[in-house]
Amino acid sequence: SMASPALLMRVVASAYSVAERAATIVRNVMSAGDLGIVEKAGPNDLQTKADRLVQMSICASLARKFPKVTIIGEEELPTHDVTEDLIEDGHCEEILKKPCPAQYTGIKEEELVIWVDPLDGTKEYTEGLLDHVTVLIGIAYGGKAIAGVINQPYYNYEAGPNAVLGRTIWGVLGIGAFGFQLTEAPAGKHIVITTRSHSNALVNECITALNPDAVIRVGGAGNKVVQLIEGKASAYVFASPGCKKWDTCAPEAILHAVGGKITDIRGNPFQYNKEVKHMNSAGVLATLRNYDYYASRIPNTVKESLVP
């Protein structure tokens, strides 16, 4: 008889289905028309009904199946009873069929930390820039991002009324990443992708120093990493605090699973153990290829301005 799948693969398989349920909630809130927007720290830091419902759905669904896993979500929410219609019990069979990498077969529930961004790109969601929006579920072990799920609820939304909306990308270190076509950015072109709504002098100084051929300004960390793995951009550069662990955990796992690299602006890896502070204070530098080229061109003045 087949041994039952390793815990890690069960968590990823469940996170896949949980993310698909989340995408349905995101689309339903938008089509119902009442986004229930609240400002958190200011006009660029918003929370909607979708952020709240999705986080409750993801956290409650995963906690029910994996009660000893630590789950950290972006939103401060009461942990009151979550209605049954928000609970997703399914899993992706395809993922369970893949063998778990040897170094992860002995993981116990209490050793995992799941970082959840229920709606990455909330501001863009409220403005109708729907292709910027992602749902992020990142899985960490030993302080490292080792697996992740990125759902794009509105993938394909400009392809007409009969298009199938949404897709789910997933990856595990040592297995690879799936659900998209891995593509490298055009050789010799330096296309930098950066923030759309959180720009400042330092962010721009850093980009100018890289002398890029083009700069793409979009919302969402998940969206930016997807652009890297699909070859639309060659480097994701954000020389500012603002990004949090739940923004980077899932994208990091997927990027690393296909041989890319993500660090802060100073070149330090991110830590994802449950005690870690949530803010990525020293910004983000990520590439699918040629990390060293970009890292070597970040000005020291920029590095010195950002304290990890």
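Residues numbered from 1 in each chain as written. Predicted model: local features only at pLDDT ≥ 70, side-chain atom pairs only at ≥ 80, totals over all residues. Heavy atoms only, no water.

**Considerations on the nonpolar core**
Grouped together as the largest cluster of nonpolar side chains are 106 residues, with contacts concentrated most on L8, I58, W115, Y125, I137, Y236 and I265. Looking at which domains feed residues into this core, each of domain 1 (7-178) and domain 2 (191-305) supplies at least three. Sequence-distant contacts of Y125, that is, excluding residues within four places in its chain, are made with V26, V29, M30, L35, T48, A50, L119, L130, V133 and Y154. (Core = buried A, V, L, I, M, F, W, Y, C linked by side-chain atoms within 4.5 Å. Buried < 20%, exposed > 50% of the residue type's maximum accessible area, 1.4 Å probe, protein only. Domains from an automatic or database assignment. Contact = heavy atoms within 4.5 Å.)

**Observations regarding the layout of surface pockets**
If you roll a probe as big as a water molecule over the atoms, it shows you where there is empty space left. By volume, the largest pocket amounts to about 890 Å³. K40, E74, E75, D117 and W246 are the residues nearest the centre of the largest pocket, which is lined by 44 residues in total. When contributions to the lining of the largest pocket are tallied by element, the ones reaching two or more residues are β2 (45-47), α2 (49-65), β3 (70-73), β4 (112-120), α4 (122-126), α6 (221-229), β11 (235-238) and α7 (245-257). Residue contributions to the lining of the largest pocket peak at four residues, all from α2. Looking at the lining of the largest pocket residue by residue, the classes come out as 16 nonpolar, 15 polar and 13 charged. Summarising the domain contributions, the lining of the largest pocket has at least three residues from each of domain 1 (7-178) and domain 2 (191-305). By volume, the second largest pocket amounts to about 210 Å³. Considering the residues around the second largest pocket, the lining is formed by 13 residues, among which D131, Q152, Y155, N223 and Q227 are closest to the centre. The biggest single contributor to the lining of the second largest pocket is α6, with three residues. (1 Å grid on protein atoms, 1.4 Å probe; cavity = no way out; pocket = protein on both sides within 12 Å on 5 of 7 lines; lining within 4 Å. Points joined across faces, edges and corners; volume = space filled by probe spheres on them. Helix = DSSP H or I, 4+ residues; strand = E, 2+ residues; numbered from the N terminus. Nonpolar A, V, L, I, M, F, W, Y, C, P; charged D, E, K, R; others polar.)

**As for the UniProt feature "binding site: Mg(2+)" (unreviewed entry) in the protein**
Under the present numbering, the feature "binding site: Mg(2+)" (unreviewed entry) in UniProt falls on E74, D117, L119, D120 and D247. Their sequence span is 174 residues, while the largest C-alpha to C-alpha distance among them is just 9.6 Å; these annotated residues converge on one region. In the annotated set above, the residues contributing to the lining of the largest pocket are E74, D117, L119, D120 and D247. Residue position: L119 is located in strand β4. Sequence-distant contacts of L119, defined by excluding residues within four places in its chain, comprise V26, T48, A50, D51, Y125, V133 and T134. In this fold, D247 is placed in helix α7. Residue classification places D247 among the buried residues on the basis of a relative accessible area of 9%. (UniProt positions renumbered as here; feature names shortened; annotations may be inferred.)

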